[in-house]
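The lines below spell out each chain.
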Amino acid sequence: MKFRILGPLELYQDGAEDTPLTPGAAKLRVVLGTLLARVNEVVSADRLIHELWGDLPPRTAATTLQVYVSHVRKFLDAADPGYGRRALLTRAPGYLMRLDPDQLDLTAFERLHHTGRAALAAEDYEQAGELLHSALALWRGELLAGTPLGPMLERIASRLGEERTTALEQRFRADLQLGRHAELIAELQSAAAEHPLREELHGHLMVALYRAGRQGDALQAFTEVRRTLVRELAVEPGVPLRTLQRRILAADPELLLPPGVTAGAPAPGPRLPRQVVEALPPADPAFAGRTAELARLAELLTEARDHTGVLLTGACGVGKTALALAAAHAAAPLFPDGRAYLDLHPGHPLSAEEALVRVLRLGGMHDPLPADPAALRSLVTQLLRGRRLLLVLDHVAGADQVQPLLDAGAIALVVARRAPAGLRGLAPLVLGVLDGAEARAVLQLPDTDGEAAAIAEQCDHLPLALRAAGAALVARPHWTTATLAERLRGERTRLATLRVGDPDLSERLLTQYQDAPGEQQSAFRLLGLLPAQPFELWAAAAALDLPPEEAELALEALVHADLLRPAGAGAGGLHDRYRLPALLRPLAVELLGPGGTSASGPASAALRRICRAYAERAAEADELITPGRRSQPAAVTGRIGARPLDWFARERRALDEVLRAAHAAGLWALAADLAESLTGYLETCAAWADWERVQRLALDAADRLADQGGRARALRSLADLAWQQGYLATAEDLYQQARQAAARAGDQRQLGRILVGLGDVQLGLGDRPRATALLDLALAVSTEHEDTRGRYDALRALALLALTLPGGAALAERRLTECLELARRLRDRRLDAYTRRILRDVRADRAGEPAAPGLEVRPGVWRLAAATPG
């Protein structure tokens, strides 16, 4: 096993350097990179924690570090079974990475540099040049490129950067002594531009130019470096550089080639090998399912010819790479010249030229390779001509990375999150999530109690998340499947639970968000304020503050970016309902920031719009179910449709979420309005627990607003609930509190309805005189203030009171007949049907027919016997 950190972090088996492995999680790269940078030394846990989190470590930093180390060991074991325990050792007060010097490019660089420097001092320029060239060839970029560097790694990177530049200067010195000045000029110009204050580099450039017969350019190089030093540091060049300038001005012949040295001949062109290329990583041992997709890929690869291939796309975590590798391994008979894997984003996106160079190296070609892109393409064309060689090109970001390879004749299996614009010649295959059976196969859990299916659902059926869930169970052996399923159901614990199995799951999911344009990122965050269940266009339009037609375009763009999923088919190929994926919704909420909706800003304004939109529709639906019940009648616009109960049933959970969000954000008026709109539906369904919870929120909102009218409505609703449950003493107390609040608010309509409730309580307690007085007063108040619904309730209760009196059936029938007319005037079909039912029973009783076993005292509320006080 060998490791590379002089560039992106990579490890590979000896002889397979062109198929490196890299930990996907940034935190794991930090841990492994830090241990490799201090190879064969003990790195304390405190230093690793500081490297990971700086001065603000989490409370569980020590435990989390242990989890990261465990994951690093598993990653090493996946490459070489048992290697993690052999190489990564626990040594107080931390950890040690034990390697032989030739296993790590850093130690190899330091050894080669030391030996080359000694050869240079001994004036063995040929040996020095070879050793220093080999040392510098180990660098592929900055130290641990693509990995976040903490304080210790920053210091190491600075030291190694200085050592690298020193080695470069020494190599130039050796090559100049060997007469290679002509081929060094371009490289020296680039190095001098990169290090404008390194006088030795500029001196080498001046010598190379002078020996190439370009005395003027050599003097111009001195002028430029002098100008830079004066401007940047206010100093003149040092004595060696000024002396060199004078010697060039004097055309000093001793500056020409050393005695006995001739100008170096150009290096021979690269040789094109013809061996079979086998450079595929091993297939993922945990890969499961995808039978149909593998069969389709086999068909497409069978049909592929030069300049063509397959484009495999899909959302983050859907398993594109695992499927591509499985298909490539299965396709061995189709590609007798080999199959090779190339990661086009090994910590940074590769350019087209870098991709061409990697392909040439996969094909067995080595440095020196030409720098000219056209020459590189020509070599790749020669390498691929007449060969059946499959290239698996992973993490493709743009067409410009791979189109030159296709134009050169490659047969490619291109893997990308989305189809790159302008990419030609590829057959598309879009990879979706796993189905239920495949998801359970990845989890490797029985589904005897349905918990595995629930886990798969909360993981969005994504292989990335399913594996994290399975790993979480392994990491927490005291958890049961039910424990895991329960933790995943909660939005606040879902990602944290999965991070137990995959510490950087959120960061990997976050790349999908980061790849989207700014306006899509903003829309995604605001949609996280909507309820968790699927939402309709009107709700999204409110969240985004857009007209419906513009909101629809924005939603479809998010669907295309894999940040949103359709939840219902609409007209014209678009959708009528959408939902945020289960894993991305908590991410959207996190991205709103620590202030969330509590402070002023876009999120707070969006929540207000969302609450208002739900409140308006809930009020309309409530008006359709119980006309005249509301304190302020709602406009009926037809947005709800003809079945308001179905609308409430569909949106009930969403309305509950919005109500709680409004209350938590201190939007008291909206919270009270939503609660009032929910009351009629919850009463109709006899949803007692939800009814009480909603009205408690409404009561709290009214108290915070000092709204006596709102307080009266909430208390009356709670009293209605207590009465319906048969708790008459509790109901009476609540009605009395509501009566006082209504009196303080001067709300006579509300007062009339409260008096009806008190009359119902007294009737239930058997106190007919008090019931009569209260109900007569309620009827008078409702009649005076033209409250049709209040008048109906008073007459209904008086009819029931009449039925308790000897010979009162005729009076009850007259009052119920008047109730029937009021129900028709209200256009309340529920009250109309109720009144007809009770009228039928009264008339049947008067006719001497058998009586019903009980009495329906309010719509859907029956009394089979006298209620029990208290």
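Residue indices begin from 1 for each chain and proceed along its sequence in written order. Given that the model is predicted, a residue must reach a pLDDT of at least 70 before its local features are reported, and side-chain atom pairs must reach 80 or more before they are shown or counted; all residues, however, enter totals for whole chains, interfaces and linings. Side-chain measures here rest on the full set of heavy atoms in the structure, leaving out hydrogens and waters.

Re the overall build of the protein chain
- Helix and strand content of the protein chain: 37 helices and 16 strands.
- For the protein chain, whose C-alpha radius of gyration is 39 Å, the value lies well above the compact-globule estimate of 29 Å for 870 residues.
- Looking at the 870 residues of the protein chain, the share that counts as buried comes to 51%.
- We call two residues in contact when some of their heavy atoms are within 4.5 Å. Partitioning the intrachain contacts of the protein chain with sequence separation of at least 6 by distance along the chain shows that 64% fall at a separation of at least 24.
- Residue exposure ignores everything except the shown protein chains as possible cover, and the areas themselves are Shrake-Rupley values with a 1.4 Å probe. When the accessible surface of the protein chain is totalled, it reaches about 38,400 Å², and 53% of it is carbon and sulfur.
- When charges are counted, Lys and Arg are positive and Asp and Glu negative, with His and the chain ends excluded. Charged side chains are reduced to one point each, which is NZ for Lys, CZ for Arg, CG for Asp and CD for Glu. The positive charge centre, built from 102 side chains, and the negative charge centre, built from 109, are 4 Å apart in the protein chain. Strands are runs of DSSP state E lasting at least two residues, helices are runs of H or I lasting at least four, and both sets are numbered from the N terminus onward. Throughout, radius of gyration means the C-alpha value; the globule benchmark is 2.2 Å times the number of residues raised to the power 0.38. We call a residue buried when its accessible area falls under 20% of the maximum for its residue type, exposed when it is over 50%, and partly exposed in between, using a 1.4 Å probe and counting protein chains only.

As for the packing of aromatic side chains
- The aromatic pairing rule takes the rings of Phe, Tyr and Trp, using the six-membered ring of Trp, and pairs them if the centres are within 6.5 Å, calling planes under 30 degrees apart stacked, those over 60 edge-to-face and the rest tilted. Considering all chains together, one arrives at eight aromatic pairs under this definition.
- For a lysine, the NZ atom is tested; for an arginine, the CZ atom; a charge sits over a ring if that atom is within 6 Å of the ring centre and within 35 degrees of the ring normal. Sitting above the plane of the Trp-723 ring, Arg-858 keeps its charged end 3.9 Å from the centroid.

Overview of the sheet that holds strand β3 (residues 42–44)
- Spatially, the three strands line up as an open sheet ordered β3-β5-β4, and their pairing is antiparallel. Taken across any chain shown, the strands that pair with only one partner, and hence form the sheet edges, are β3 and β4 (88–91). Recorded for the sheet is a direction-independent mean angle of 30 degrees between the axes of neighbouring strands.
- One requirement defines pairing of two strands: DSSP has to find at least two bridges between them. Of the strand pairs in this sheet, β4 and strand β5 (residues 94–97) are connected by four bridges, and their pairing is antiparallel. Across the sheet, residue Leu-88 finds its bridge partner in β5, namely Met-97. Between N-to-C directions, angles cover 0 to 180 degrees, with each direction set by a line fitted to C-alpha atoms, over the stretch in contact for helices.

Some remarks on the nonpolar core
- Nonpolar cores were defined as sets of buried Ala, Val, Leu, Ile, Met, Phe, Trp, Tyr and Cys residues, with membership established by side-chain atoms within 4.5 Å. Counting 165 residues, the largest nonpolar core has Ile-455, Leu-498, Leu-527, Phe-535, Leu-564, Tyr-614 and Phe-648 as the members making the most contacts within it.
- For this core, the element with the highest residue contribution is helix α27 (residues 602–625), accounting for eleven residues.
- Listed in part, the 74 residues of the second largest apolar core include Met-1, Val-43, Tyr-68 and Leu-132.

Some points on the pairing of β5
- Inspection of the sheet shows β3 paired to β5 by three bridges, in the antiparallel sense. Looking at the pairing, Val-42 lines up with Leu-96 of β5.
- Hairpin connection, β4 to β5: the antiparallel pair is bridged by two residues.

As for the confidence of the model for the protein chain
- Residue-level confidence of the predictor is summarised by pLDDT, bounded by 0 at the bottom and 100 at the top. Confidence in the prediction for the protein chain averages 87 pLDDT; 93% of positions are at 70 or higher.
- Mean pLDDT across the elements of the protein chain bottoms out in strand β6 (residues 277–279) (68) and peaks in helix α32 (residues 728–745) (96).
- Low confidence marks residues 264–275, where pLDDT is under 50. Its contacts with residues over four positions away, or in another chain, come to 26 contacts.
- The low-confidence segment residues 865–870, where pLDDT is below 50, has ten contacts with residues more than four positions distant or belonging to other chains.

Some words on the pattern of salt bridges
- Basic side-chain nitrogens of Lys or Arg form a salt bridge, by our definition, when they fall within 4 Å of a carboxyl oxygen of Asp or Glu. For the coordinates displayed, the defined rule picks out 61 salt bridges.
- Across the salt bridge formed by Asp-515 and Arg-417, the nearest N and O atoms sit 2.5 Å from each other. Placement of the pair is Asp-515 in the loop between α22 (505–514) and α23 (518–527) and Arg-417 in the loop between β10 (411–416) and β11 (426–431), with a sequence separation of 98 residues.
- One salt bridge in this structure joins Asp-720 and Arg-716, with 3.4 Å as the shortest N-O distance. Of this pair, Asp-720 and Arg-716 both sit in helix α31 (residues 708–725), four residues apart, which is roughly one turn of that helix.
- Several salt bridges converge on common partners, so that one network encompasses Glu-126, Arg-171, Asp-175, Arg-180 and Glu-187.

Considering unusual backbone geometry
- The phi dihedral of Ala-234 is positive, around 60 degrees, even though this residue is not glycine.
- Given a relative accessible area of 65%, Ala-234 falls into the exposed group.
- In the Ramachandran plot, Ala-706 falls in the positive-phi region, its phi being about 55 degrees despite a non-glycine side chain.
- If you trace the backbone, Ala-706 turns up in the loop between α30 (688–705) and α31.
- The class of Ala-706 is exposed, set by a relative accessible area of 63%.

Here we look at the side chain of Glu-536
- When you line up the elements, Glu-536 lands in strand β12 (residues 535–536).
- Not counting residues up to four positions away in its chain, the partners in contact with Glu-536 are Asp-576, Arg-577, Arg-650 and Glu-651.

Digging into the environment of Gln-737
- Structurally, Gln-737 can be placed in helix α32.
- Sequence spacing of Gln-737 and Arg-711 is 26 residues, and the spatial spacing of their C-alpha atoms is 9.0 Å.
- The residues contacting Gln-737, other than those within four sequence positions of it, are Arg-711 and Leu-715.

Some remarks on the packing of helix α28 (residues 644–664) against helix α29 (residues 668–685)
- Here α28 crosses α29 at 150 degrees, and the two axes come no closer than 10 Å. Comparing their axes, α29 and α28 come out roughly antiparallel. Once α28 is placed against α29, the crossing between them reads as left-handed. Residues Leu-645, Phe-648, Ala-649, Arg-652, Leu-655, Val-658, Leu-659, Ala-662 and His-663 of α28 touch α29, and the partners they reach there are Trp-668, Ala-671, Leu-674, Ala-675, Ser-677, Leu-678, Tyr-681, Leu-682 and Thr-684.
- We call Asp, Glu, Lys and Arg charged. Ala, Val, Leu, Ile, Met, Phe, Trp, Tyr, Cys and Pro are nonpolar, and the rest, Gly among them, are polar. A breakdown of the residues in the contact of α28 with α29 according to their chemical character gives 14 nonpolar, three polar and one charged. Reported orientations rely on four angle classes, namely roughly parallel under 35 degrees, roughly antiparallel over 145, roughly perpendicular from 65 to 115, and oblique for the rest. Less than a right angle of anticlockwise turn of the near helix away from the far helix marks a crossing as left-handed, whereas a clockwise turn marks it as right-handed.

Digging into a nonpolar patch on the surface
- Note on patches: the residues involved have over 30% relative accessible area and no salt bridge, like charges join within 9 Å, and the nonpolar side chains Val, Leu, Ile, Met, Phe, Trp and Tyr join within 5 Å. On the surface, Leu-197, Leu-233 and Val-235 cluster together into a nonpolar patch covering about 240 Å² of accessible area.
- Structurally, the position occupied by Leu-197 is in the loop between α8 (181–194) and α9 (199–211).

Considerations on the side chain of Glu-856
- Tracing the sequence through the fold places Glu-856 in strand β15 (residues 855–858).
- Identification of polar contacts relies on pairs of N or O atoms within 3.5 Å, with a donor-acceptor requirement for protein atoms, meaning one able to donate a hydrogen and the other able to accept it, and with residues adjacent in sequence counted only if both atoms are side-chain atoms. A polar atom in the side chain of Glu-856 sits 2.7 Å from the side chain of Arg-837.
- The residues contacting Glu-856, other than those within four sequence positions of it, are Tyr-834, Arg-837, Ile-838, Val-861 and Trp-862.

Overview of the state of the cysteines
- To count as a disulfide, a pair of cysteine sulfur atoms needs to be within 2.5 Å. Summed over all chains, the structure comprises zero disulfides.
- With no disulfide of its own, Cys-459 lies closest to Cys-316 among cysteine sulfurs, the gap being 14 Å.
- A relative accessible area of 0% places Cys-459 in the buried class.

A closer look at helix α6 (residues 125–137)
- Under the 1.5 Å per step criterion, the end-to-end length of α6 is 18 Å for 13 residues, consistent within 8% with the ideal 18 Å.
- Buried within α6 we find Ala-128, Gly-129, Leu-131, Leu-132, Ala-135 and Leu-136.
- Where α6 is buried, its residues meet α5 (105–121) and α7 (151–177). By this rule, a helix spans an expected 1.5 Å times one less than how many residues it contains.

What about the packing of α28 against α30?
- Where α28 contacts α30, the axes come no closer than 11 Å and their chain directions differ by 25 degrees. Here α28 lies roughly parallel to α30, going by the angle between them. With respect to the hand of their crossing, α28 and α30 are arranged in left-handed fashion. In this structure, α28 contributes Arg-652, Asp-656, Leu-659, Arg-660 and His-663 to the contact, and α30 contributes Asp-690, Arg-693, Val-694, Leu-697 and Asp-700.
- Taken together, the residues of the contact of α28 with α30 sort by class into three nonpolar, one polar and six charged.

Focus on the environment of Leu-96
- Relative to the helices and strands, Leu-96 resides in strand β5.
- In this structure the C-alpha to C-alpha distance between Leu-96 and Glu-683, which are 587 residues apart in sequence, comes to 67 Å.
- Among residues more than four places away in sequence, those in contact with Leu-96 are Asn-40, Glu-41, Val-42, Ala-87, Leu-88, Leu-89 and Arg-91.

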